[in-house]
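# Survey of secondary and tertiary structure
So the chains spell out like this:
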Amino acid sequence: MRQAGRYQKEYREIRRNHAILDICLTAELAAEVSMLPPRQFPDLDAAIIFSDILLILRPLGVQIGFGQGEGPSIANPIQTQADVDALRPLDGESLQPVYDAIRIVKRELAGRMPLIGFAGAPFTLASYAVEGGSSRNYLKAKALMITPVWVALMNKLADAVIFHLRRQVEAGAEMLQLFDSWVGTLGSDDYREYVLPYSKRIFDALRGSVPIIHFATESAHLLELMTEAGGDVIGVDWRLPLDAAWSRIGKRAIQGNLDPATLLAPREHLLRRADEVLRRAAGRPGHIFNLGHGVLPPTPVENVAALIEHVHARTAQR
Ligand code: CP3
């Protein structure tokens, strides 16, 4: 996640001339940015399409924008049943540039590594749509959650996500990731009642297509419930040791979980912490080494390269 981004000078160069939404909605640009990490780090095991989880909200009628240097903001946050009724279903055309970008990237990767497609999970999408942007306490979302409006909203979002993920697979995505980045704000009773059924519907709908990673941050208390909702792979952040997380998700594969801040530390510390993650994975099959969240903007590119090389050197010995 956030494999491409502001830590790369080539990305910053492109961003000087193009807004984030323009990049996402211009197939050639999205493909070019998606190819930055695979070109810079040819030993990566997978590439991810450059897009954003919030893109899907626009064709539904939620006016999402990205301000200069700020987070996302929404001009017409969802508050009422009428707001939810006004949401349109996702059509085949609006996000066509994403699918076209996938086709271009697949051609350019030429089988050298698999390509991951993705979408936001209904809760994380709803949190932006209802709060009107990023939030700390999610008070509006938590208030709406306990009303019937929530059921209608989450169902519409789940429908759109299923449509979008299916299209990405048709375009060539060989794996998918569902980002429920902020769901850790909920206690487990709320997750079970207001989130699990909708995320589960997505995993059920896509069963038998491609493997899916189910990711959230600050979600140690939700691991069993997230596993119940679905996902072939559970993505975990760095707050819980990998082996402790793995023992709680049963037979599923796991993705994680180096703290992205470690990439800013001296090399010796970075590699020591990477070894710690590998030690906790203990060579068991089904571990995808990854950061516990996205690459941070001040990350030195050389450290990313050193980490990839180190992990490959260590795991190839087995
Ligand atoms: O890894 C990749 O190359 C794919 C790119 C990717 C982006 N967003 C591009 C992006 C992915 C996988 C996402 C997912 C995403 N977007 C998530 C889930 C993953 C996570 O981080 O938890 C979320 C919550 C969003 C919403 C979002 N997009 C926010 C809150 C912001 C602004 C915050 C920030 O870091 O500035 C974005 C903008 C965004 N999307 C950036 C990138 C590279 C940074 C913006 C920039 O270039 O100016």
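Preceding block: the structure.
The structure contained in this document is the topic of the report that follows. It should be emphasised that the depicted structure is a prediction, and the values quoted were computed from it without experimental measurement. (Residues numbered from 1 in each chain as written. Predicted model: local features only at pLDDT ≥ 70, side-chain atom pairs only at ≥ 80, totals over all residues. Heavy atoms only, no water.)

## Considerations on the overall build of the protein chain
The helix and strand inventory of the protein chain stands at 16 helices and nine strands. Here the protein chain has a C-alpha radius of gyration of 19 Å; the compact-globule value for 318 residues is 20 Å, and the two agree. Taken along its principal axes, the extent of the C-alpha atoms in the protein chain is 60 × 45 × 35 Å. A burial count over the protein chain gives 54% of its 318 residues as buried. Taking the contacts inside the protein chain whose residues are at least 6 apart along the sequence as the reference set, 71% of them involve residues at least 24 apart. Carbon and sulfur atoms make up 51% of the accessible area of the protein chain, which amounts to about 14100 Å² in all. Of the side-chain charges in the protein chain, 35 are positive and 36 negative, and the distance between the mean point of each set is 3 Å. (Helix = DSSP H or I, 4+ residues; strand = E, 2+ residues; numbered from the N terminus. Rg over C-alpha atoms; globule rule 2.2 N^0.38 Å. Buried < 20%, exposed > 50% of the residue type's maximum accessible area, 1.4 Å probe, protein only. Contact = heavy atoms within 4.5 Å. Areas by Shrake-Rupley, 256 points an atom, 1.4 Å probe, with all protein chains shown as cover. Lys, Arg positive; Asp, Glu negative; His and termini not counted. Charge placed at Lys NZ, Arg CZ, Asp CG, Glu CD.)

## Quick notes on the environment of Ile 53
In this structure, Ile 53 sits in the loop between β1 (47-48) and α5 (57-60). On the basis of relative accessible area, Ile 53 is assigned to the buried category, the value being 15%. When the C-alpha positions of Ile 53 and Thr 80 are compared, they lie 23 Å apart, and in sequence the two are 27 residues distant. Every residue in contact with Ile 53, bar those within four places of it in the chain, is listed here: Phe 118, Ala 119, Gly 120, Thr 124, Leu 125, Tyr 128 and Phe 179.

## Structural notes on the pattern of salt bridges
For the structure shown, the criterion picks out 17 salt bridges. Residue Arg 239 is joined to Asp 237 by a salt bridge in which the shortest nitrogen-to-oxygen separation is 2.4 Å. With relative accessibility at 44%, the residue Arg 239 sits in the partly exposed group. A relative accessible area of 6% places Asp 237 in the buried class. Between Asp 243 and Arg 280 there is a salt bridge, and its shortest N-O distance comes to 3.0 Å. Highlighted residues: Asp 243 in helix α14 (residues 242-246) and Arg 280 in helix α15 (residues 267-281), separated in sequence by 37 residues. (Salt bridge = Lys/Arg side-chain N within 4 Å of Asp/Glu carboxyl O.)

## What to know about the site of the ligand
Around the ligand sit 23 residues, and of these Arg 2, Gln 3, Tyr 11, Arg 15 and Ser 181 come closest. Note that an oxygen atom of the ligand is positioned 2.9 Å from one of the backbone N or O atoms of Ala 4. When the ligand is considered free in solution it has 880 Å² of accessible area, and contact with the protein chains removes 91% of it. In the shell around the ligand, the residues fall into 15 nonpolar, four polar and four charged. (Near = heavy atom within 4 Å. Polar contact = N/O pair within 3.5 Å; in protein donor to acceptor, adjacent residues only side chain to side chain. Nonpolar A, V, L, I, M, F, W, Y, C, P; charged D, E, K, R; others polar.)

## Some points on the pairing of strand β6 (residues 212-215)
Residues Ile 212 and His 214 point to one face of β6 and Ile 213 and Phe 215 to the other, with burial holding for every one of them. One ladder, built from four bridges, connects strand β5 (residues 175-179) with β6; its direction is parallel. In the sheet register, Leu 176 faces β6, and the bridge partner there is Ile 212. With three bridges connecting them, β6 and strand β7 (residues 233-235) associate as parallel partners. By the bridge assignment for β7, Ile 213 is matched with Val 233. (Pairing = 2+ DSSP bridges.)

## Details of the packing of aromatic side chains
Considering all chains together, one arrives at five aromatic pairs under this definition. The interplanar angle of 55 degrees and the centroid separation of 5.6 Å between the aromatic rings of Tyr 11 and Phe 50 together place this pair among those described as tilted. Here the residue Tyr 11 occupies a position in helix α1 (residues 9-17), and Phe 50 occupies one in the loop between β1 and α5, the gap between them amounting to 39 residues. Neither Tyr 11 nor Phe 50 differs from the other in exposure class; each is buried. Relative to Trp 150, the ring of Phe 123 has its centre 6.2 Å away and its plane inclined at 55 degrees; by these criteria the two rings are tilted. Note that Phe 123 is positioned in helix α8 (residues 122-131) and Trp 150 in helix α10 (residues 148-171), a separation of 27 residues in sequence. One aromatic cluster in this structure is built from Phe 118, Phe 179 and Phe 215. (Phe/Tyr/Trp six-rings, centres within 6.5 Å; stacked < 30°, edge-to-face > 60°.)

## What about the side chain of Thr 227?
Mapped onto the elements, Thr 227 comes out in helix α13 (residues 223-229). Among the polar contacts listed, one links the side chain of Thr 227 to the backbone oxygen of Leu 223, at a separation of 2.7 Å. If we ignore the near neighbours within four places in the chain, the residues touching Thr 227 are Ile 234, Ile 249 and Arg 252.

## Side note on the nonpolar core
Of all hydrophobic cores here, the largest spans 120 residues; its most connected members are Leu 57, Trp 150, Leu 153, Tyr 191 and Leu 307. Ranked by residues supplied to this core, first place goes to α10 with 11 residues. Not counting the four nearest positions on each side in its chain, Leu 153 is found in contact with Ile 78, Val 84, Leu 87, Ala 126, Val 130 and Leu 144. (Core = buried A, V, L, I, M, F, W, Y, C linked by side-chain atoms within 4.5 Å.)

## Some points on the environment of Phe 50
The class of Phe 50 is buried, set by a relative accessible area of 10%. Spatially, the C-alpha atom of Phe 50 lies 28 Å from that of Pro 285, the residues being 235 residues apart in sequence. Residues contacting Phe 50, with those up to four places away along its chain left out, are Ala 4, Tyr 11, Ile 20, Ile 23, Cys 24, Ala 30, Val 33 and Ser 34.

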